[in-house]
Structure formats: C-alpha cells, structure tokens
Amino acid sequence: MAPTRLAGLDTSARGRERGRASASRARGAVPGAATARAVAPCQAGTRVSIDTRSLTAEGAAGLLEQGDVTAEELVEAYLAAIDAHDSELHAYLRVAAPRGNGVPIAMKDCITTEGVETTAASKILQGYVPIYDSTVASRCKSAGLPLLGKTNMDEFAMGSSTENSAYGPSRNPWDPERVPGGSSGGSAAAVAGGLAPWALGSDTGGSIKQPAALCGIVGLRPTYGAVSRYGIIAFASSLDQVGPMTKTVRDCALLYSLIAGRDPYDSTTVELPEPVRMPEREDLKGVRVGVPPELNEAQGIEPGVAAAVADAVALAKSLGAEIVDVRLPQSVEYGLPCYYLIAPAEASANLARYDGVRYGYRGEATDDLTELYEQTRWQGFGPEPARRIMLGTYALSAGYYDAYYGQAQKVRTIIRDEHATAFERADVLFSPTSPTVAFSLGARTENPLAMYVSDLLTIPSCMAGLPGLSIPCGLSEGLPVGLQLIGPQFSENMLFDAGHALERALGFDYVPARLRAAGS
Amino acid sequence: MTWQPVIGLEIHVQLKTQTKMFCRCENIWGEGENTRTCPVCLAHPGALPVPNGRAVEWTVKLGLALDCQIADRVLFHRKNYFYPDLPKGYQISQYDQPLCVGGALTVPRPDGDIRVGIVRAHLEEDAAKTVHVGGEAGRIHGADTSLVDFNRGGIPLVEIVTEPDLHSAADVKSFLQLLRQTVVELSISDAEMEKGSLRCDANVSVRPEGDPALRTKTELKNMNSFAFVARGIDAEVSRQIDVYESGGEVGPQTLHFDPQSGSLSPLRTKEEAHDYRYFPEPDLLAIEPSEELVERMRAELVELPGARIRRLADEVGFELAEGLVTSGRDALYGEVAGDRRGVANVIMNQLAGASVPPDSVNPKELSALIAARERIPRSAFDEAIQKTGDPDFSAEPYVSQESLADADSLAPIIEAVIADNPSQVEAYRGGKEGLLGYLVGQVIKATQGSADPRVVNHLLREKLTPLG
C-alpha cells in the first residue's frame, strides 16, 4: 500500500525499523511483514499468515504495500476471525461486504454508512438503511478502507458497558464475563480481540477512552470540532466526537489523520491548525506533566488502577518529563452532574426525530397521531434512552431551565476556564481513564448512578471540549488499566508524541493474555 | 361605549434563496411533492444543519428596511414540539437573540401616517406542508389521511412581530400591503399569500376607547389572503365586543379562520398547549453579522414604498397612490405623461383590469394612447389597452381612429334606441335619471363602440328632455 493511501503519512521504513527495535512490538505490534510471517498461521491459503490478534493497522498497511497480502486476503482473515470469535465477543451487530484496497476497518453503529444498516443499537432504528455516508465513513471509503462491519454499542451511545444495546451486550476479550466498557464497547472488543485492525468509535463523555482502557487498547477522543459529526447519530451535539480506537498510538494518529479536518457539512468543524504527524518521539524531555489530585485521588479509584497510573507517571519522569502541580477543584466535582443535565437535555431534542413517521420502527397501527408517537417511542427506545429523554425534557422545561440547563452551561464555562488555567502550567494532564478495570456483566445495570460514575474521570475534559488519549499502562488483577492523557485544544500531535514515547517504554502487550495463552 | 380594536401581527415571509435554510436542497414552489428533500431536511439520523449565508444577509436587509437594530451576536435555538410537519421534532428558530430588533414601519393612511413598531424580525426554517384529506375543513382532527410534503420543510422563513399598534382591519390591510411591497422590492421574497410565501397571524383584543390598559388577546390563524385577514379581524373584534357587552370575559385562545364560512373556531387545547423548551442549537455556531455586511445591505436599500405613497398621494389622492405603489405600478405611472389623476386611473383600472404587467408597457406609447383617450372610439381605446403589454405595441393605429361624433350620423341610431326601449325612456322621463347611462350604452353598442359617449350623452339628453 502506497503511503499516499494513508493521507501522505510515512508509514513505511521508519515505523518498521523502530518496530524491530522494540521488544514489545516484536511480540505483535511490529508493523512489518517479517513479524507477520513469524506468527502462527490462522488462515490457510494466504501467502503470508495473518495473526489478526497482533497485527496493527500500520503492520497491515506494510503487508499490503509490499505485496505480501492482498486487500482481499486481509479482509478474509478478519472475516474468518469474526466468524470464529464474534459469537463469544458479540463485538459486531452486523458484518458488511467489505470493499477497498486498504486496511479494513470497523465502525460503531452510530456512524451512518450508505446502504449498510445503522441502528445505534436501538430497536427504534431496526432495519434503517442510511441513504448517505457520514463524512467519516466517506473519508474512510475514499482512503480505500474496506468496512468490515458495524460494531455494538450502548443504545444511542448512552452507557458505559454496551449492556444498554438493544441487541445484547458485547464481552471483554480479556475476560468474557466482563464488560468491554462503553458506549464504544463493540469497537474496543473488536480491536482488542483481533476482529478488526482498527475501528472508529464515538465519545460524548468517555465512550472512546473508557472502553479503550477496559480493553487494553488506544483510543482518542479528538478536540471538539476536529472531526465532522455529519452522519453521526446524535446523542449530545455539543459533546459528541468521533475518534480512532487502535492497537497503537501510531495507528491512532494514522486513522485520525484520515478523518480529521473541516467539513462543510458540519459548521462546528474547523481546519486543523497543523497537519497530523506520525509520532516519532522516544522521550518526554521538556514535557510538563500535570497530575491533578482531583482526577488521580478521586473516590472509587481502585488501588490497582492508581498504582499502574502512578508507575506510568514515574516512567514519564524517567523519560524526562517534568511533573507539575495542577488543580481542577470544580471540574471533577461538578463535571458529572453538569454532564447529566446537558447531555440528556440535548439528547431529548436529538431523539425527537424517531417518531415512527418516516423511517425505522413504528408502533402498532393506530388512527391517532399522539398514540402513534407514544407507542413508537415507548416500544422503540430502551430504558436508558427513555430515562435520559425524560431527564432532559425536565431540565429544559419552563420554570426549570435556568436552574438546570442554564446553570449547567455556566458551570461548563468554569470547567473550561479551569482547564485553560491548568494548561498554563502543564502541557498534558495524566490520570486514570476509568476508576476501575473492566467490571462484571450485570454489576452496574441495576444502578444507573453506579454506571454513570464510570465516566467520572473522562467527563470533565469532554465538557471542556479537549482532546484525550487513553493508552494501556499495565494490568490490575490481570485486566488492563488505561492512562488518560489530556491536552489543550488541538494538541493531538503532542498527545500522540507523549503517548507514543510512553507506549514504547511501557511495552504493554495488547494481545489479551488468555488469547496469547490459547495460541492460534 | 366605543370600543377600540388593538391588533398586533406575526408575519412569516419565505425567502426566495436558491437553496433551503440549512441544506442544499433547491428552494422552489410548485414542484412534485417530496422531490426537493435530503437527509438534512428529512431529519435522517446524523444529518446536520449548515446555515444559508444569503438568508442571513437578506434578513439583515429586511431588518434595515424596517429600521431595526441588527444584533452583533445571533443565536439559533431549538423550538421543540412533535408534529409530522417537523421531522426533527424541533424547529431551528431564534429565541432571545434574534437578528433584528426594535424597528418600525410607517404606514400612510388617508387620515395621516401610522407608525407600526416592529418588535423583532428573526430567521427560522419553515415546516413541511401538511395536507389533511377528509374530515373537518382540511384540519387534522377527523381527517381520513394526512399527507406531508417536505419540499417546503426547511425553506428560510423570516418571522416579523409587530407591536399592537394597529386599530382596524383597514389599518392591517394597508400595513400588510406595504410590508409585502417592501419585501418584494428588496427582492428577497415573492411574498404571495396565495402561495403561502407570505402568511399572517393576528393577535386581537379590544378596549374601551381611551383606556390605556390592554385586555386579553386572542390569536387568529390561517388567514391566507388580505381579504381573509380583514374579515377574520372584523369577525373577532365584533365577537369580543359582544362578549364584553353581555357581561362576559374574553379568554386567551387560538382561533382558526375558516375561509368557507368566514367564521372563527377555537383550536383544541391540545393543539395549543406547548412548552417549547427552547435551548441554544448546539449544531450551529453563533452568527456575528459584520459591520461590512450590514453596510453592504444598507447600500442596497432604495427608496421604500411608504415614502413613495406619501409623495404620490399629493398628486392623485391616497387611494390611487397606495394602489399604484403596493401593486408595483408607480414606476410606470412616473414614466407616463398626461394628467396625473387620469394616468393613475388608467393604470390602476384599465391596465390592472386587463392584467397587463406594468414592466411590459412602453410608457411612450401609453402616453400617446392616454392623450387621445377622449377623442378616439371607446372600443379602440379598450382594445389598445389589452395590447399595451405586447412587445411591439404601437398606439398609432388606435389614436388615428376617430369617434363617431357628428349629430347627423348619430340621429337615426338614437331614434332607433329610443323606439326600442319605450319603458326605459318613460322611466327616465319620470325622473330616473340614472337610466340615461343605459341608453347611452345602447347607442354605443349599436355603433360597435365607435360613438363618442360624450356626444351621445348630450344628444340623448337633448332629445329626451322636453324643450322649454
């Protein structure tokens, strides 16, 4: 595959060189043909064996570029892996008919894809086949990326475990008794489980970073306005962003470069201030790392998670980073309640279009318009969207607006200002992505508030519109721990650099231990 | 007690931009149903609005023409309610930060100008068009089927809200006609009530003359012609006066005008009980009209119709002046030579009656025709008027015709008409002078229109009136 196919980024020689130099990469992340050949074959008939569990997108691009495999063979390998393992993981809601000459990709089911059913994991959109491509889908198509399929999620991206999917939960490749996180849990499970080399997720309050953390992969929530929302089934418009979910930081930068930038169909997007760079750095010299206590010592952070993050901070220091003191006193305290006013309020309007009139699910036949609406919506929406529509409708109602939605918008400004102040002292903030490692299925379904707290540490920066990267930084109880790196607006290149340097030094093996143990 | 009606209006004007307000669909009237639609205006999942810059400019231009302040920062809001004509479940509109605020339109009336305050003018998207088949007068309740045409959904719509400064149906009609003409001359809308590109709701109350306090108002909807607006308001004013005079109280309600019966009926409470839950539209950024844009729009303004009505009223009287200006015929009037009132009459009566578009008329030829009007046969004049719109029209063949005006030629025809209409002749002689016109008409008819009516009039009068 020619480098130009990946938006002009140099994915060839240097990436592979460094891959060979790194012991951790030699186990699977090496984006080169040699390593791909070295792994055990899982697909008969191809000239080169493809181990989808360890192959990175960059590695796959290398294989294509060198002619070691064809795009069709690559797709076949992933379809075979899906065939073999998705009955366990349920990462996909449906598999597409992939076409294209690049590295195949999976997309969260809230990303509209022309001609491919898109439901946002809701019954209310069952059978809905979009008549247009989202901008991100169309950019991936233009780059030649075959669409493997649509991944599972919490219904309308509302949730942190994918258990809110109308089509049943996905499972964590590290431990199928546990959730993969959410709402982009299907995309995370697909990438971690080797069912896609990379995937797109969407993030409103942590829906990319949290499942990436729980599944031991890399996830980027871009700066608000960096990636087009056109064709992304809206949850909360002022917060929604699409981003990459990948095995490595370099894959993340590569996919981000394909989807980011101004889109005339989304007037909230802007031109990136600088082009995306493939990260090369191996140290953190001169990088000022803030470790806000409010994000690192919050109630509910598991000791194993705190320990892994503390180790990562120490490692950053040894790579030359300067640790600086920053505080976010109000952002963390008020971020979550503020989010649960703004997001449901916007959702209550965004979900009004699902009325059974033009497309999707329609309630039983009735002569009365109001009854048609009521039946369609009661039957079509699951409990979580219904709950949030009611919360949001209440927060916007006459007499309550100022106290709830209006007040939350003011707090949001404070959160934004507080982050801006923090970035006067620090270049990047570190914290756990999720307070806990992956939890068991059913553990939080009975208590919505317990589920909401999963996003305690990711929400504040989302509210401020800031980019955040989650990279795996170790294991706790045998399950991955995510390190969250937050930067100022449009600092994605810096986040990739820092994330890449840490990733190299950490040497985390993103192939789930039990899959590694199972061999081929 | 004398009651004073107090009326404020909410007017909706569709802008004739090439594309819709928030998508790239063609903005066109009268095409096949649902042929101008896309994911955005059908509210498909994931679709996003992108504002039409031209629509913003034109609203600024209208705001300036209405003497409004143009806001520095403008927000779009979502107005939430469920209805099949609103595919998103909310309308993108403006709420507490509209584009134009605090203006006025001065309306000339026979007894002086009325200044009608403009509270605001804001930009929003039109709803789709619903057609209810069967049931009660095209309304949704009791309809057999309801159909939706999304071609109209998303057309840019300016909502203009006036202060309650109007005090009669006639005032309202003058205001609306003037506003319509203003919008047409700004080239931002066709503003045709019949097509729905201009729509008007009225808030109506009454109060004892001289009482400054406002009483409860009702809202009148669905009045889709100037005549219906006037009839609706008159009907509601009378109803409210009756209620008060019989000791009752007027309650706030929304009334639906039925053009068939000319009556008003209340909308069901379900249709009007709304909490729109406005909040800022997160899919759009705030709009900040630049000084440059405002000045560019200001430079495009020309002399507005209100000023022209006042000027022309001195020459031809208020009624003809208002007619000429609000029908867009005053430019032609200005180019045609001749007695001012006579020219205005020909343009407003004969030309308008013959539906000759004023732009198509050659003013020189029309001047020549009008100059010969008294001299040539009536039939020649009428025929010429019909043809003034033809591209190669020349007055010459008509003005060269002469009326039949000599007494000798007309005498036998007059005799015959008198002989054929004995009862009318007798009634005339008995004092019914109006019948003279009928007899004149008969003579002109008998000459195929070539007789000079003034001469015939004179001769007939002479013949029928006993000497002495």
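Rules and cut-offs
- Residues numbered from 1 in each chain as written.
- Chains lettered and ligands numbered in written order.
- Predicted model: local features only at pLDDT ≥ 70, side-chain atom pairs only at ≥ 80, totals over all residues.
- Heavy atoms only, no water.
- Helix = DSSP H or I, 4+ residues; strand = E, 2+ residues; numbered from the N terminus.
- Buried < 20%, exposed > 50% of the residue type's maximum accessible area, 1.4 Å probe, protein only.
- Contact = heavy atoms within 4.5 Å.
- Areas by Shrake-Rupley, 256 points an atom, 1.4 Å probe, with all protein chains shown as cover.
- Lys, Arg positive; Asp, Glu negative; His and termini not counted.
- Charge placed at Lys NZ, Arg CZ, Asp CG, Glu CD.
- Pairing = 2+ DSSP bridges.
- Right-handed = clockwise from strand over helix to strand, strands pointing away.
- Axes fitted to C-alpha atoms, helices over the stretch in contact; angles between N-to-C directions.
- Parallel < 35°, antiparallel > 145°, perpendicular 65-115°, else oblique.
- Buried area = accessible area lost by both parts, 1.4 Å probe.
- Salt bridge = Lys/Arg side-chain N within 4 Å of Asp/Glu carboxyl O.
- Polar contact = N/O pair within 3.5 Å; in protein donor to acceptor, adjacent residues only side chain to side chain.
- Nonpolar A, V, L, I, M, F, W, Y, C, P; charged D, E, K, R; others polar.
- pLDDT = per-residue confidence, 0-100.

A. Representation of the overall build of chain B in the model. Helix and strand counts for chain B stand at 16 helices and 14 strands. Seen along its three principal axes, the alpha-carbon backbone of chain B occupies a region of about 90 × 60 × 45 Å. Out of the 468 residues belonging to chain B, those deemed buried represent 51%. For chain B, the proportion of contacts with a sequence separation of at least 24, taken over those separated by at least 6, is 69%. In the structure as shown, chain B presents an accessible area of about 21,200 Å², 49% of it carried by carbon and sulfur atoms. Averaging the coordinates of the 48 positive side-chain charges in chain B and doing the same for the 70 negative ones gives two points 2 Å apart.

B. How the structure looks around the pairing of strand β3 (residues 147-151) of chain A. Residue and element names in this part refer to chain A. Of all five residues in β3, five are buried; the element is thus mostly enclosed. Of the pairings in the sheet, the one linking strand β1 (residues 92-95) to β3 comprises three bridges and is antiparallel in character. Along β3, the bridge assignment pairs Y92 with T151. Pairing geometry for strand β2 (residues 105-108) and β3, over four bridges, is parallel. The residue bridging K108 from the neighbouring strand is T151, located in β3. Taken together, β2, helix α6 (residues 135-142) and β3 form a β-α-β motif whose crossover is right-handed.

C. Quick peek at the packing of helix α11 (residues 303-318) of chain A against helix α18 (residues 492-506) of chain A. All names here are of chain A. α18 packs onto α11 with a crossing angle of 105 degrees between their chain directions and a minimal axis gap of 10 Å. Put simply, α11 runs roughly perpendicular to α18. Note on element contacts: α18 touches α11 through L502, A505 and L506, opposite A312, L315 and A316.

D. Highlighting the interface of chain B and chain A. Taken residue by residue, the interface counts 34 residues in chain B and 37 residues in chain A. Summing both sides of the interface, chain B and chain A together bury roughly 3,000 Å²; the carbon and sulfur share of this comes to 59%. Our count for the contact surface shared by chain B and chain A stands at one salt bridge. A salt bridge links D283(B) to R229(A); its shortest N-O distance comes to 2.9 Å. Joining chain B to chain A, the criterion identifies 18 residue pairs in polar contact (both at pLDDT 80 or more). Secondary-structure elements contributing two or more residues to the side of chain B that touches chain A are β3 (77-80) and β14 (279-280) of chain B. Grouping the constituent residues of the side of chain B that touches chain A by class yields 23 nonpolar, four polar and seven charged.

E. Just the confidence of the model for chain B, in detail. Chain-level statistics for chain B give a pLDDT mean of 91 and a share of 97% at 70 or above. ipTM for the predicted complex: 0.91, alongside a pTM of 0.88.

F. Region of interest: the pattern of salt bridges. Within the structure shown, the criterion is met by 52 salt bridges over all chains. Between K195(B) and E192(B) there is a salt bridge, with the nearest N and O atoms lying 3.7 Å from each other. E374(B) is the salt-bridge partner of R454(B), the closest N and O atoms lying 4.0 Å from each other. Taken together, the residues span a long stretch of sequence, with R454(B) in helix α16 (residues 453-464) and E374(B) in the loop between α10 (363-371) and α11 (378-387) at a distance of 80 residues. Salt bridges sharing partners connect three or more residues here, namely R229(A), D266(A), R78(B), E281(B) and D283(B).

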